[in-house]
Each structure stands twice: as structure tokens, then as C-alpha cells.
Amino acid sequence: MMDVNKINRNRLLWASFFTIVTGGVGFAVRGAILVDWGNQFGFTMTELGSITGGGFVGFGVIIILFSLIVDRVGYKPLLILAFVMHFLSLVVTVATVYVFEAMGREAAYWCLYWGTFLFAVGNGICESVVNPLVATLYPKNKTHYLNILHAGWPGGMIVGGLLSIAFHSLVSWEVLMSFFLIPVLIYGFIILKEKFPISEARAAGVGFSEMFRQLASPLLISLLILMMLVGYVELGTDSWIQNITGNILENPTKGVLLFIYTSALMFVLRFFAGPIVNRISPLGLLFACSILGAIGLYILGNSTTGLVMVLAVTIYGIAKTFFWPTMLGVVGERFPRGGAVTMGIVGGVGMLSAGLLGGPGIGYKQDYFASNKIKVESTESYDRYKAEQENGFLFFRPIKGLDGSKVAILRDNGEQLKADIERWESTGKELSDNANLSNLKNWWDNAQTMVNIDKVPVEQAGFYGAGRALVITALIPLTMSLGYLILILYFRKRGGYKQVEIEKS
């Protein structure tokens, strides 16, 4: 086994921590500006879910691919590449406004999609590196330090949420999105100066083929399935939670504040994972969190007052705190010979689930329940505010959700549309040169006469869709609890859960 005492473990832990902070800041800011993207470019909830989902897909694919080469290429070169990808992602994302004006709505959608994807590439490279790196730095206490590492995620979300509240009304969303460069510069400065160890598995002489053979284990397959559910319920829900709670409370800022509150819970609690798992084992902790997650989401989906919602997000925040890092800790402790390969594939599967299932699925559920409700209560209002295009999800039938731009115009009585038109015409251009603004103005000239009829059913449909989406999502952690209970019973029959030492494997 290599000697890690010659490596500055604290600085490398800090660098790793700030790579996770980067993802948290970008994630929180993106959650806060989703409504801006919907308002400015006219996207439905399903389309916005697909954009955020694309980020998770890129995250997942990159984690898996790069985990295959981490042990050969080394930690430092890959983190430098991640540094470059984070910069490129910002360039593509902020170009969306200019692309929209030049090429229209569909081009803007793909610009945001690929900008989010590139950001996820940077995050995915970091994740493929820092998880095995921290496991290598702290081989005797993996679960505890992986939880500390991933405290960077809620830490970043707290920073991103506070920045969103402080600057959202003062600067454009493009400037707000740029704030994630601060932790990028911090981790970049550290990694350029420090020396890195070789991986735990490589130091033990474990070959790539042996690492890959760990994936044939029934236990690891079970953990992969559970990680899919973790990705859906944690990251998939988190990508929507600010928007949903803000929608239910009729105040986007309150939604961001609740998001910051749950992130603060996660940040603090992740530093105490070690003592907890020493008492009840990692699987016992995951089982308890699954039960709490189901309860929290169910109450949240049925919340009608601020106090009940605070209680619900508290339960949900405690529940989701330990899912991701503790799952990685279990994989690292039980399959140390898998090295970066097993940890990367498990993390990648979780991200793919969040991207392909969680983000789009929860967005679709909101559109589905909202559109069905308004169709029943006011068909004419639905016809005025429905999106032009249908969106589907997996094998579920395609539907037309509510157009985000039209709903935003209804809420502020056309004030932002008026300002956008004035800004466009102040450049000396004709309104007819901007097809999106021109079409919205023509639509609003007719729709504003029906505001008194449309406002209540449209807003109530949004509230209802958000709540029902969370209630249905509560079934996911309920299913997870059954899986963790089976694993607890499995290990009990074999003398209890124990960490596997790589030297003895």
C-alpha cells in the first residue's frame, strides 16, 4: 500500500470539496433561473425538465466513461480538463440570448441544453476523480469523509441560493450563472500546485479487468438499482424543488429560501455521518432516510400553508442528506478492488437516472396533472395557454402542457412583455423581425381581455400539478426502503455489515 502521508491530504480534500461546491452553485442558480428561461424563451415544464435532465445525463455518462481511465491517467490531468470544461459551458450558456434573437426558440433550447451538458461534463469528470481520490486519502474512514466531501454539494447550493436572492432582480440571469466560476478558480489554483497520490486499487496491483469483474456481483447489481432510485428522488426532485415550492407558495423567493434551508440541513448533517453509521451501519441509515423521504415528499405535495411546507421540507431535507455519499461509501467499503470503476459506474447510474427519468419525469407529471385539471375546469383557458408542441415521457402519452411565457405574462399582466418589446424596439429594429415577441404580443392583445376568467384556473392548475407530482414521487423512496431492508437482512444472516479491506481481498 502506498504512503499517503507525503501527500497534503487536507489541501486535496479542499480542492475536491470545491469541485463539488461548483456543481452545487451551478445547480442552485439554474434552479432559480428556470422560470426566467421559461418566461424568456417560452418553454414548457417538460422542456425545462429536459434541459436540466440533459445536464444530469451528461454528468452520468462522463462519470462512467472517465472512471474507466482514472486509474491509468491519474487524478490531476483529469481535474485540469474539468477546469476547462467548466469555462466552456459558461460561454455556450450565455450565448443563448443571442442565439434566440438570431435563430429562434428551438435553437435557444439546444444552446441551453448543450451549455448545461458541458457544465455536467466538467462536474462528471470531477466526480469520477474526487470520489476514489478521497477514498484513497482516507482508506479507513471512507463513508465519513465521502459525506464530508459531498457536504460541498449543499454548501454550493446554499451559496447559489443566496446569490440568486441577492442578485436575481439586479442582474441578468447570464451574470448570475457566471458566479459558479468562483469555486472553479479556487479548485483550479489548488490542483495546479499540489501532488496527487496514485489510486488505492492501483497501489495494490489490481488490474482493470479485475476491477470490472466486481460488477458481476449480485450485491453490486442491487446497489446499482438502488442508486437509480436515489438519483431520481434526490437530484431529480432537487432540480424542481425551488420552482415547485415557489409555485405553491405563489412566491419564487420563498421557494429559494426553503431550498437554502434544506441545503443548510444537509451541509451540517453530512459532517456527522461517521458517528451515525458507527451506531446503525450505512444500510440502517439509508433505510431510515428512505422512510423519512417518502413521508416528507407526501406531506410536501399536500401542503397548503407555509408552516406545513417548512415541516415537510425539513423531513425531506434530513432524508436526502445521506443518500448519495453513503451509497458511494458502501460501494467503496464493500468493493475496494473495484477502484474508480465501481464507484464511477454507481455514481454515473445515479446521474443518468436523474437526467433521463427524474428531471423530465417530474416535469411531465406537473404538465400532466396541471393540464388535466384546467381542461376540466376551463377548457377555453387551457386552449389559450397551452403550448404549441406536445411533450411525452417514456411510454406515457404526449401532452400539451402550459406555455411558460404565456403563464408569466398572465401573472404580471404583460409588464415584462411590454419591457421586452420596448428593449427590442430601442435597438432600431422592427417588432416583426422578432417572431417570438411579435407572436406573444398578438396573442396577448386577444388574451388580456379574458384575464379575469383565465387567471384563477391557470394558477390553480399550476399549484395542483406541482403538488401531485411530489405525491407520486414519494413512491420512489418508499420502494427504496424495501430494498435497503432486504440488504440489512442479507448482511444480518452473514454476521453483519463489515468493511472489506483491500489487502485481504
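Per-chain numbering applies: the sequence of each chain, read as written, is numbered from 1 onward. Selection of residues for local features in this predicted model requires a pLDDT of at least 70, selection of side-chain atom pairs for listing and counting requires 80 or more, and totals for whole chains, interfaces and linings are taken over all residues. Excluded from the side-chain calculation are hydrogens and water; included are all heavy atoms of the structure.

On to helix α16 (residues 306-321). Here α16 is 16 residues long and its end C-alpha atoms lie 22 Å apart, about the 22 Å a rise of 1.5 Å per residue gives. If you check which residues of α16 are buried, you get Met309, Ala312, Val313, Thr314, Ile315, Tyr316, Gly317, Ala319, Lys320 and Thr321. Helix numbers and strand numbers start at the N terminus; a helix is a DSSP run of H or I with at least 4 residues, a strand a run of E with at least 2. One less than the number of residues in a helix, times 1.5 Å, gives the span that helix is expected to have. Accessibility here uses a 1.4 Å probe with only protein chains present; expressed as a share of the type maximum, an area under 20% marks a residue as buried, one over 50% as exposed, and anything in between as partly exposed.

Below, the discussion takes up the packing of helix α5 (residues 96-103) against helix α6 (residues 105-137). Axes here refer to lines fitted to C-alpha atoms; in helices the fit is confined to the stretch in contact. Angles between the N-to-C directions go from 0 to 180 degrees. The interhelical angle for the contact between α5 and α6, taken along N-to-C directions, is 160 degrees, at an axis separation of 7 Å. Overall, the two elements α5 and α6 adopt an arrangement that is roughly antiparallel. As α5 packs across α6, the resulting crossing turns out to be right-handed. Residues Thr96, Val99, Phe100 and Met103 of α5 pack against Arg105, Ala107, Ala108, Cys111 and Leu112 of α6. When describing relative orientation, an angle under 35 degrees is termed roughly parallel and one over 145 degrees roughly antiparallel, while 65 to 115 degrees is termed roughly perpendicular and anything else oblique. Crossing handedness is defined as follows: a turn of the near helix away from the far one that is anticlockwise and smaller than a right angle gives a left-handed crossing, while the clockwise case is right-handed. Throughout, a contact is declared for two residues whenever any of their heavy atoms are within 4.5 Å.

Direction vectors running N to C along helix α21 (residues 415-425) and helix α22 (residues 435-447) enclose 140 degrees, while the axes themselves pass 11 Å from each other. Taken together, α21 and α22 sit at an angle that is classed as oblique. The two elements α21 and α22 meet at a crossing, and its hand is left-handed. Contact with α21, carried on its side by Leu417, Asp420, Ile421 and Trp424, involves Leu437, Leu440, Lys441 and Trp444 of α22 and no other residues of that element. Within the contact of α21 with α22, the residues separate by chemical class into six nonpolar, no polar and two charged. Classification convention: Asp, Glu, Lys, Arg as charged; Ala, Val, Leu, Ile, Met, Phe, Trp, Tyr, Cys, Pro as nonpolar; all other residues, Gly among them, as polar.

With that settled, consider the nonpolar core. Take the buried Ala, Val, Leu, Ile, Met, Phe, Trp, Tyr and Cys residues and link them wherever side-chain atoms come within 4.5 Å; each set so joined is a nonpolar core. Counting 119 residues, the largest nonpolar core has Trp37, Phe41, Phe43 and Leu223 as the members making the most contacts within it. Beyond its immediate chain neighbours, meaning those up to four positions away, Leu223 contacts Met327, Val330, Val331, Phe335 and Leu487. Among the nonpolar cores identified, the runner-up in size contains 20 residues, and Ile374, Tyr382, Leu437 and Leu440 belong to it.

Here we take up the environment of Lys493. Structurally, Lys493 is set in the segment after α24 (475-492). Classification of Lys493 by relative accessible area gives exposed; the value is 75%. Considered as a pair, Lys493 and Gly255 are 238 residues apart in the sequence and their alpha carbons are 45 Å apart.

This part is about the pattern of salt bridges. By definition here, a salt bridge exists when the distance from a side-chain nitrogen of Lys or Arg to a carboxyl oxygen of Asp or Glu is within 4 Å. Counting across every chain of the model gives seven salt bridges. Notably, a salt bridge pairs Lys373 with Glu377, separated by 2.7 Å at the nearest N-O pair. Residue Lys373 and its partner Glu377 are located together in helix α18 (residues 339-377), separated by four residues, close to a single helical turn. For Glu377, a relative accessible area of 43% puts it in the partly exposed group. Between Glu459 and Lys455 there is a salt bridge, and its shortest N-O distance comes to 3.3 Å. Taken together, the residues span about one helical turn, with Glu459 and Lys455 both in helix α23 (residues 451-473) at a distance of four residues. For Lys455, a relative accessible area of 28% corresponds to the partly exposed category.

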